[in-house]
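# Report on the structure
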Amino acid sequence: MSALLIIDDDPEITSALSRGLALHGYETDAENRADRALSRLQTGVYDGAIVDVMLGADSGIDLVRMARASGVSMPILMLSALSDVEHRAAGLEAGADDYVVKPFNFDELVARLRVQEHRSAQHRPLPPLLVRRTRELKNDCASVTLTEREFALLDLLARHSGTPLSRGAIFDTLWAAEGSSNENVVDVYIGYLRKKLKNYNFHFEIKTLRNQGFTLEGPAPQISEL
C-alpha cells in the first residue's frame, strides 16, 4: 500500500480524495498548512504527495520548491483550479511531477499517480544491507565495517526509520545498562557514524531534528542476520 500526504486547505476536497484513494489501495494523511506539510514531507515516510496550489495565505508552489530544495524526492502531483499555461509551468518548474486541473476525473488522477509511482520506483536506489554477523554496511558499490557500538546505533536507527529517537531513548537502549550517566556519548557515536559514512553513497542520512532527536532520512538499511 502506498502512503500519500494530501496537502489542501479545503476539508471537503481532502475528505473526498482520502475516501476515493482508499478505494484504490492508498493510505492517506492530510495537512492544511504549508509549514507543517514541509516537515512531514521531509520525514521520508510518504511515497508521494498531492499538493493544492492555493493553501490559504500560503503557496503550494512555494511549498514544492522548498521541499525539493531540502532534498525531498518523492513524486508530487499538484492540483489547482488555475488552468492557464503560466500556472501549470510554474508548478512544474518548482519541482512538481504533474499538474492536474480541477475539476478532474478521479480515474485519471489515479492513473497519473500510478505513472509517477512507476517512474519513481525505476529510479529508487535499493536500500543497503546491514549485516549483523560481520557488522558491515554494504551495497553494490561499497562496504564499510562498523564497530560493535556503531553497528548497534545504526541498527536501532534503522529499525525506527521515519520516527525520531530522542537522545535519552537511544542512551537508555544502548548505554544505560552499563551504568554510564552521560547522554553525550550518543552525540559522540552519531558523529563517528557520520564521519565513517560520509564518503559513501548509501542514500540515507542521519538527521538531527531539533527538540526531537535523531532519525534516518532516505532508504533505511535492511537488517541481515547472515
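Note that the coordinates shown come from a computational prediction; the quantities given were computed from them, not determined experimentally.

### Concerning the overall build of the protein chain
Looking only at helices and strands, one finds eight helices and 13 strands in the protein chain. When the 226 residues of the protein chain are sorted by exposure, 39% land in the buried category. A fraction of 59% describes how many contacts in the protein chain between residues 6 or more apart in sequence connect residues 24 or more apart. One finds the centroid of the 25 positive side-chain charges in the protein chain at a distance of 7 Å from the centroid of its 32 negative side-chain charges.

### As for helix H2 (residues 34–41)
Taken as a whole, H2 has its buried residues at Ala34, Ala37, Leu38 and Leu41. When H2 is viewed along its axis, its buried side chains cluster within an angular range of 100 degrees and face the same direction. Tucked into the core, H2 has its buried residues touching strand S1 (2–7), strand S2 (26–31), strand S3 (48–52), strand S4 (54–55), strand S5 (58–59) and helix H3 (60–69).

### What to know about the UniProt feature "domain: Response regulatory" (unreviewed entry) in the protein chain
Mapped onto this structure's residue numbering, the UniProt feature "domain: Response regulatory" (unreviewed entry) falls at residues 3–117. End-to-end, the C-alpha atoms of residues 3–117 are 11 Å apart, and along that stretch the chain is 46% helix and 25% strand.

### Let's talk about the sheet that holds S1
Reading across the sheet, the five strands line up as S2-S1-S3-S6-S7 and stay open at both edges, with parallel pairing between neighbours. Of all the strands in the sheet, the pair left with one neighbour each is S2 and strand S7 (98–101). Averaged over all neighbouring strand pairs, the angle between strand axes comes to 20 degrees, with direction disregarded. Where S1 lies against S2, six bridges are found, and the strand directions are parallel. Paired with Leu4 across the strands is Thr28, a residue of S2.

Basis of the calculations
Residues numbered from 1 in each chain as written. Predicted model: local features only at pLDDT ≥ 70, side-chain atom pairs only at ≥ 80, totals over all residues. Heavy atoms only, no water. Helix = DSSP H or I, 4+ residues; strand = E, 2+ residues; numbered from the N terminus. Buried < 20%, exposed > 50% of the residue type's maximum accessible area, 1.4 Å probe, protein only. Contact = heavy atoms within 4.5 Å. Lys, Arg positive; Asp, Glu negative; His and termini not counted. Charge placed at Lys NZ, Arg CZ, Asp CG, Glu CD. Arc of directions from axis to C-beta. UniProt positions renumbered as here; feature names shortened; annotations may be inferred. Pairing = 2+ DSSP bridges. Axes fitted to C-alpha atoms, helices over the stretch in contact; angles between N-to-C directions.

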